[in-house]
Amino acid sequence: MDALDRLAEPGLDLLARVDTLLAAGAPEGHRLWPLLRRMQVLPGEAVREFLELHPAPLAGAGHAVRQLVRGYDDTCAMLADPVAWSGPAAAAYDAARGALLRHLDEGPESLVGRLESTAGYADALADWVEGSRLALARALADVLRSAEAVTVHVATRPGAEAGRAGALAAAEIATRVLGVLGVAYDGAETLLRQWAPSLAETTWRDRSPGAPHLGGTTRIGH
């Protein structure tokens, strides 16, 4: 359990009240409007969805992918063993063996290279989730002890009228929370752009005479 999990119950209670007040509309011209148009979600629902994201499964996926590399290493070791025969067939086999070795484990576009990139991307996502959860926890801690939180609680009591003060307080809290989530989602999109070239399909690159054709592309990292 991290800081966000510990703040989830009081945070979601406050944000449910915020969502209720905002359902009637945010104050005209408030800086919340661009965030609402961009995110297309109220803060309570956004936080509930984000609470489902945890770094551990992503870190575990990266570790599992790296374990696959061992199998490729074993295959490459067998292919690297010299043959004890000679002649045209041996030469053709040696050419095919060299091409396959390069396809399996030579550079970032090889199968091993793509596996390592996939594991690295999983690790980067795990770090992003961990950092984003911490940033969101800090934002929730701030709004929970804010004057706006008190105003929202008063405005959502049974029989109370929200009024402009309640709507304004709800909009301020929503702006802080959605602002943090907006930055988090920008970070995820940046990661995808950075890693996308390394996660592309890898192709059979060897076109030397006698090299086998293995069917075009191999999907690694998708």
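Residues numbered from 1 in each chain as written. Predicted model: local features only at pLDDT ≥ 70, side-chain atom pairs only at ≥ 80, totals over all residues. Heavy atoms only, no water.

### Points about the pattern of salt bridges
- This model, assessed by the stated rule, comprises eight salt bridges.
- Between Arg 17 and Asp 13 there is a salt bridge, with the nearest N and O atoms lying 3.3 Å from each other. On the criterion of helical spacing, the pair formed by Arg 17 and Asp 13 is a turn pair, its members being four residues apart in helix α1 (residues 3–22).
- For Arg 17, a relative accessible area of 25% gives the class partly exposed.
- The partly exposed category is assigned to Asp 13, whose relative accessible area is 35%.
- Where Arg 145 meets Asp 142, a salt bridge forms, and the shortest distance between an N and an O atom there is 3.0 Å.
- Taking relative accessible area as the criterion, Asp 142 reaches 38% and is therefore assigned partly exposed.
- Among the charged side chains, a network of salt bridges with common partners joins Asp 2, Asp 5 and Arg 133. (Salt bridge = Lys/Arg side-chain N within 4 Å of Asp/Glu carboxyl O. Helix = DSSP H or I, 4+ residues; strand = E, 2+ residues; numbered from the N terminus. Buried < 20%, exposed > 50% of the residue type's maximum accessible area, 1.4 Å probe, protein only.)

### Side note on the side chain of Arg 114
- Among the structural elements, Arg 114 can be located in helix α6 (residues 111–144).
- By relative accessible area, Arg 114 is classed as buried at 6%.
- Engagement of the side chain of Arg 114 in a polar contact is seen with the backbone oxygen of Ala 200, the distance being 2.6 Å. (Polar contact = N/O pair within 3.5 Å; in protein donor to acceptor, adjacent residues only side chain to side chain.)

### So, helix α4 (residues 55–80)
- Here α4 contains 26 residues, and its C-alpha end-to-end distance of 38 Å stays within 8% of the 38 Å for a straight helix at 1.5 Å per residue.
- Buried residues belonging to α4 abut α5 (88–105) and α6. (Expected span 1.5 Å × (residues − 1). Contact = heavy atoms within 4.5 Å.)

### A closer look at the packing of aromatic side chains
- Scanning the entire structure with this criterion turns up three aromatic pairs.
- For the ring pair Tyr 121 and Trp 195, a centre distance of 6.2 Å and an interplane angle of 45 degrees mean the geometry is tilted. One end of the pair, Tyr 121, is in helix α6; the other, Trp 195, is in helix α8 (residues 163–195), with 74 residues separating them in the sequence.
- Of the residues examined, Tyr 121 reaches a relative accessible area of 17% and is grouped as buried.
- According to the relative accessible area criterion, Trp 195 is partly exposed, its value standing at 22%. (Phe/Tyr/Trp six-rings, centres within 6.5 Å; stacked < 30°, edge-to-face > 60°.)

### With respect to α5
- End to end, α5 covers 26 Å across 18 residues, agreeing with the expected 26 Å (1.5 Å per residue, within 8%).
- Within α5, the full set of buried residues consists of Ala 90, Ala 96, Arg 97, Gly 98, Ala 99, His 103 and Leu 104.
- Backbone geometry just downstream of α5 places Gly 107 in the positive-phi region, at approximately 90 degrees.

### Topic: the environment of Leu 144
- In this fold, Leu 144 is placed in helix α6.
- The partly exposed category is assigned to Leu 144, whose relative accessible area is 27%.
- Sequence spacing of Leu 144 and Gly 11 is 133 residues, and the spatial spacing of their C-alpha atoms is 6.8 Å.
- Once residues lying within four places of it in the same chain are set aside, the contact partners of Leu 144 are Leu 7, Pro 10, Gly 11, Leu 14 and Ala 149.

Geometric descriptors of this kind do not, in isolation, establish any biological role.
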